[in-house]
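Results of the structural survey
This is what each chain is made of:
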Amino acid sequence: MKLLEKISTVAGNTFAIWVILFGTLSFIFPSGFSWIVSFIPLLLGIIMFGMGLTLSTADFKGVVQAPKSVMLTVLAQYTIMPLLAYGLAILFQLPSEVAVGVILVGCCPGGTASNVMTFLAKGNTALSVSVTAVSTVLAPVLTPTMTWLLASEWLPISAGSMFLTIVKIVLIPIILGIVIRMVFRRRVEQSIKVLPLVSVIGIVAVAGAVVSVNTENITSSAFTVFSVVILHNGLGLLLGFLLAKVVKLDIKDQKAVAIEVGMQNSGLGSTLALAYFSPIAAVPSALFSVWHNISGPILATIWAKQSENIDPPQDNEEKLA
């Protein structure tokens, strides 16, 4: 178990490298990864189950302890990113399937990677975890609704069917995970450090599968879609930070809000795109998965260093004083 925990820690810390590596391999050798496509819903369900195992009632207490910060961030998550996606789809005159894919990932909740990035950035990790939990629980209603409102002009959107899919592959696994943690708390807590490895394998597999069935589409439109993804993520981070600053949240909260708004559950976006649209609609989610695992660590490192400069570590005499 100790070895697995060490491997899990290394995998979590080098997440971006694995996404890029296997994304590249799946592009070069698509036949080696395309078989994974049919297992994507199962993989996402396993990832969400793992997320449920890490949650406890304490993670939802933030709604009561800091309702303003939690609800503001959840609201920002489901307005800023969807509206940015809509605006970028129009600005770049994206093809219908790509436009829907960009909007779909914009309407997804925050991903669990945002919690890790907030911790590394020395932000308010408790706020980040609470927001991820709440936004994910609300996803069955808000993701289909926002997608239907914003993407219907490009393609028909079945919000009801999408709602049922999200309940099955997101909400039910999370609830099962929470229940199992409550019943078998000690055993779950002993093995919880291995869960990052499961998440990394799952998300890397999903990203690789999506790339493998879109090699031609990526070749022909990679620059445009990747430009949109970079702008989407970057503007989300910026607007989330500015919003938190305007409402006078402290710097740790500002970091958490920015990261929660700018980082998406791209695995869910890929799954829904493949289930309800053409494979190319999943490309924005796959590229988002790659990019936000590059931009997130970079931003977290910058913010962490700024925190060290502002609050340098005290020596023993100062601590005693």
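Since this is a predicted model, take the numbers as computed values, not measurements.

We now examine the packing of helix α5 (residues 67-77) against helix α9 (residues 125-151). Following both chains from N to C, one finds α5 and α9 inclined at 50°, their axes separated by 9 Å at the closest point. When the axes of α5 and α9 are compared, the pair comes out oblique. Crossing angle aside, the handedness with which α5 passes α9 is right-handed. Touching S69, V70, T73 and V74 of α5 are L127, S130, V131, V134, S135 and L138, all from α9.

By size, the foremost hydrophobic cluster in this structure holds 79 residues, and its most contacted members are V170, L268 and F277. Ranked by residue count, the leading element in this core is α9, at nine residues. The contact partners of F277, leaving out residues within four places of it in the chain, are V100, L104, L155, P156, I157, M162 and L272. Ranked by size, the runner-up nonpolar core spans eleven residues in total, among them L237, I259, A300 and W303.

A few words now on α9. The periodicity of an α-helix, 3.6 residues per turn, causes residues three or four positions apart to be oriented the same way. Compared with an ideal rise of 1.5 Å per residue, which puts 27 residues at 39 Å, α9 spans 33 Å between its outermost C-alpha atoms and falls more than 12% short. In the structure, α9 departs most strongly from a straight axis at A139, where the bend amounts to approximately 70° and where the proline P140 lies between one and four residues downstream. Among the residues of α9, the N-terminal cap falls to N124, whose side-chain oxygen and the backbone nitrogen of A126 are separated by 3.3 Å.

As a further point, take the packing of helix α6 (residues 80-91) against helix α13 (residues 215-246). Their axes nearest at 10 Å, the elements α6 and α13 cross at an angle of 140°. By the angle between their directions, the pair α6 and α13 is classed as oblique. Handedness of the crossing formed by α6 with α13: right-handed. Where α6 abuts α13, its residues I80, M81, L84, A85 and L88 lie against V228, L231, H232, L235, G236, L239, G240 and L243. Of the residues in the contact of α6 with α13, the class split is ten nonpolar, three polar and no charged.

Taken together, the side chains of W35, F39, L42, I46 and V198 make up a nonpolar region of the molecular surface, amounting to roughly 480 Å² of accessible area. Following the sequence through the fold, L42 ends up in helix α3 (residues 40-54).

Further remarks concern α3. Over its 15 residues, α3 runs 21 Å from end to end, which matches the ideal 21 Å to within 8%, given 1.5 Å per residue. Buried within α3 are the following residues: I40, L43, L44, G45, I47, M48, G50, M51, G52 and L53.

The full count for this structure, using the stated rule, is five aromatic pairs. Both rings, one in Y86 and one in W154, keep their centres 5.7 Å apart while their planes meet at 75°; by these two values the pair is edge-to-face. Of this pair, Y86 sits in helix α6 while W154 sits in the loop between α9 and α10 (159-183); the two residues are 68 residues apart in sequence, bridging distant segments of the chain. Note on Y86: relative accessible area 24%, which makes it partly exposed.

Calculation criteria
Residues numbered from 1 in each chain as written. Predicted model: local features only at pLDDT ≥ 70, side-chain atom pairs only at ≥ 80, totals over all residues. Heavy atoms only, no water. Axes fitted to C-alpha atoms, helices over the stretch in contact; angles between N-to-C directions. Helix = DSSP H or I, 4+ residues; strand = E, 2+ residues; numbered from the N terminus. Parallel < 35°, antiparallel > 145°, perpendicular 65-115°, else oblique. Left-handed = near helix turned anticlockwise from the far one by under 90°. Contact = heavy atoms within 4.5 Å. Core = buried A, V, L, I, M, F, W, Y, C linked by side-chain atoms within 4.5 Å. Buried < 20%, exposed > 50% of the residue type's maximum accessible area, 1.4 Å probe, protein only. Expected span 1.5 Å × (residues − 1). Bend = angle between axes of the 7 residues up to and from the residue. Polar contact = N/O pair within 3.5 Å; in protein donor to acceptor, adjacent residues only side chain to side chain. Nonpolar A, V, L, I, M, F, W, Y, C, P; charged D, E, K, R; others polar. Patch = residues over 30% accessible without salt bridge, like charges linked within 9 Å, V, L, I, M, F, W, Y side chains within 5 Å. Areas by Shrake-Rupley, 256 points an atom, 1.4 Å probe, with all protein chains shown as cover. Salt bridge = Lys/Arg side-chain N within 4 Å of Asp/Glu carboxyl O. Phe/Tyr/Trp six-rings, centres within 6.5 Å; stacked < 30°, edge-to-face > 60°.

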